[in-house]
Amino acid sequence: MTELVRLEVEGGVGTIRLDRPPMNALNAEIQHGLIAACREASERADVAAVVVWGGEKVFAAGADIKQMEAMSYTDMVDHSALLQDFTRALAGIPKPTVAAITGYALGGGCEVALACDWRVAADDATLGQPEVTLGIIPGAGGTQRLARLVGPAKAKDLVFSGRFVGAEEALAIGLVDRVVPAAEVYDTARELVARYAGGPSYALRAAKEAIDRGLEVDLESGLEIERMLFSGLFATKDRATGMKHFVEKGKGPAPFEGA
Ligand code: CAA
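Residues numbered from 1 in each chain as written. Predicted model: local features only at pLDDT ≥ 70, side-chain atom pairs only at ≥ 80, totals over all residues. Heavy atoms only, no water.

A. Layout of the overall build of the protein chain. Looking only at helices and strands, the protein chain has eleven helices and nine strands in total. A compact globule built from 259 residues should have a C-alpha radius of gyration of about 18 Å, and the protein chain, at 19 Å, falls within 12% of that. Its C-alpha atoms give the protein chain principal-axis dimensions of about 65 × 40 × 35 Å. The long-range share in the protein chain, meaning contacts at least 24 apart out of those at least 6 apart in sequence, stands at 68%. Carbon and sulfur atoms form 57% of the exposed surface of the protein chain, whose accessible area is close to 13,400 Å². Here the protein chain contributes 27 positively and 36 negatively charged side chains, and the mean placements of these two sets differ by 5 Å. (Helix = DSSP H or I, 4+ residues; strand = E, 2+ residues; numbered from the N terminus. Rg over C-alpha atoms; globule rule 2.2 N^0.38 Å. Contact = heavy atoms within 4.5 Å. Areas by Shrake-Rupley, 256 points an atom, 1.4 Å probe, with all protein chains shown as cover. Lys, Arg positive; Asp, Glu negative; His and termini not counted. Charge placed at Lys NZ, Arg CZ, Asp CG, Glu CD.)

Here it is as structure tokens:
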């Protein structure tokens, strides 16, 4: 366990708090901590949705450059799987997730945000993939998830140049979904996902899986993934509850149990 990453649960929402001042630089300890927090958030029945939050000042300014500086090629061959694993763990949480971005979300920090379902940014936030300015490329999923999110041309602009992007531009290119005053970032992000507490959690899980897996395959395979997940939901209690509620009482919300 590490003090650098905490999972705090309240009202059905789990907040994964990165806490390594001043910049939440992502060293190996925080990367392992993120994986553990993601696993716990995935497994706990009292967590319906997740906010990733770096505090009021900064989201995360990237992988720890001071830790990487002395690493050799073979060191990085060994370490690079971990770099991808912590964002993979986040992307794999089978529940709605949102990044609440204040200050900087750069390099690995931006990649953490990219691994969430949505991103809420402060109006003075700064995002970017500046790795090229260090002579490297994004290594925690950025080349892949950024291109999938904003398209290859805009991803290449950001990754080739390493330039920083303000919140308004990030909103315009689809890198973030909402821009609000800095003081409202956490609450806005929380509200965005808190609505899923008490929801049909297996349907939400299936919807996330169908969209995320479907985007990686051809249309016919994606439709088949959808068909199987759709049919599978007929084994859940919430499916029966939802339909019975509609037939007897009209449009929801139905009293789902997450079962
Ligand atoms: N790793 C290690 N330390 C970092 C860091 C990082 N990514 N980012 C900032 N810091 C440290 C600084 O070295 C400084 O430490 P000291 O006080 O010991 O000198 C402290 O945090 C404060 O930073 P600055 O003095 O630089 O603060 P600033 O306000 O002038 O600038 C900043 C802030 C624009 C974020 C600047 O620090 C910066 O550009 N940071 C690096 C951003 C970056 O290149 N990120 C990508 C990292 S590589 C990566 O992430 C690979 C991958 O894909 C996984």
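B. Main features of empty space enclosed by the protein. For the coordinates displayed, the defined rule picks out one cavity of 30 Å³ or more. Each pocket or cavity is described by its volume, and for the largest cavity that value is around 40 Å³. Surrounding the largest cavity, Leu 26, Gln 31, Ala 63, Asp 64, Gln 67, Met 68, Met 71, His 79 and Leu 83 form its lining. When residues of the lining of the largest cavity are traced back to their parent elements, those giving at least two are α2 (65-69) and α3 (73-91). Residue composition of the lining of the largest cavity, grouped by class: five nonpolar, three polar and one charged. (1 Å grid on protein atoms, 1.4 Å probe; cavity = no way out; pocket = protein on both sides within 12 Å on 5 of 7 lines; lining within 4 Å. Points joined across faces, edges and corners; volume = space filled by probe spheres on them. Nonpolar A, V, L, I, M, F, W, Y, C, P; charged D, E, K, R; others polar.)

C. Geometry of a negative patch on the surface. On the surface, a cluster of negative charge is contributed by Asp 123, Asp 124, Glu 168, Glu 184, Asp 187 and Glu 191. By secondary structure assignment, the location of Asp 123 is in the loop between β6 (118-122) and β7 (126-128). (Patch = residues over 30% accessible without salt bridge, like charges linked within 9 Å, V, L, I, M, F, W, Y side chains within 5 Å. Salt bridge = Lys/Arg side-chain N within 4 Å of Asp/Glu carboxyl O.)

D. Looking closely at the site of the ligand. The environment of the ligand is made up of 23 residues, and the closest members are Ala 63, Gly 108, Glu 111, Glu 131 and Gly 139. Taking Glu 131, its side chain carries an N or O atom lying 2.7 Å from an oxygen atom of the ligand. Gly 139 has a polar backbone atom sitting 2.9 Å from an oxygen atom of the ligand. The fraction of the free accessible surface of the ligand (980 Å²) that becomes covered by protein chains is 64%. If you list the elements that add at least two residues to the shell around the ligand, you get α2, β5 (104-106) and α4 (108-114). Looking at which element gives the most residues to the shell around the ligand, the answer is α2, with three residues. (Near = heavy atom within 4 Å. Polar contact = N/O pair within 3.5 Å; in protein donor to acceptor, adjacent residues only side chain to side chain.)

E. Looking closely at the sheet that holds strand β8 (residues 164-166). Spatial ordering of the open sheet is given by β5-β7-β8, a layout of three strands whose pairing is mixed. The sheet is open, and its two edges are formed by β5 and β8, each paired on a single side. Mean inter-strand twist for the sheet, computed between neighbouring axes without regard to direction, equals 20°. Judged from the three bridges that link them, β7 and β8 form a sheet pairing that is antiparallel. (Pairing = 2+ DSSP bridges. Axes fitted to C-alpha atoms, helices over the stretch in contact; angles between N-to-C directions.)

F. Representation of unusual backbone geometry in the model. Between Pro 21 and the following residue, Pro 22, the backbone shows a cis peptide bond with an omega angle of 5°. Position of Pro 22 among the secondary structure elements: in the loop between β2 (13-18) and α1 (28-43). The step from Gly 252 to Pro 253 runs through a cis peptide bond, and the omega angle for that step is 5°. Along the chain, Pro 253 turns up in the segment after α11 (237-249). If you check the backbone angles, Asn 24 has positive phi at about 55° while not being a glycine.

G. Molecular detail of the pattern of salt bridges. Scanning all chains against the criterion turns up 16 salt bridges. Between Asp 19 and Arg 6 there is a salt bridge, and its shortest N-O distance comes to 2.9 Å. In this pair, Asp 19 sits in the loop between β2 and α1 while Arg 6 sits in strand β1 (residues 5-10), placing the two residues 13 residues apart along the sequence. Since its relative accessible area comes to 22%, Asp 19 is described here as partly exposed. (Buried < 20%, exposed > 50% of the residue type's maximum accessible area, 1.4 Å probe, protein only.)

Take it as geometry only, folks, not as evidence of what the structure does.
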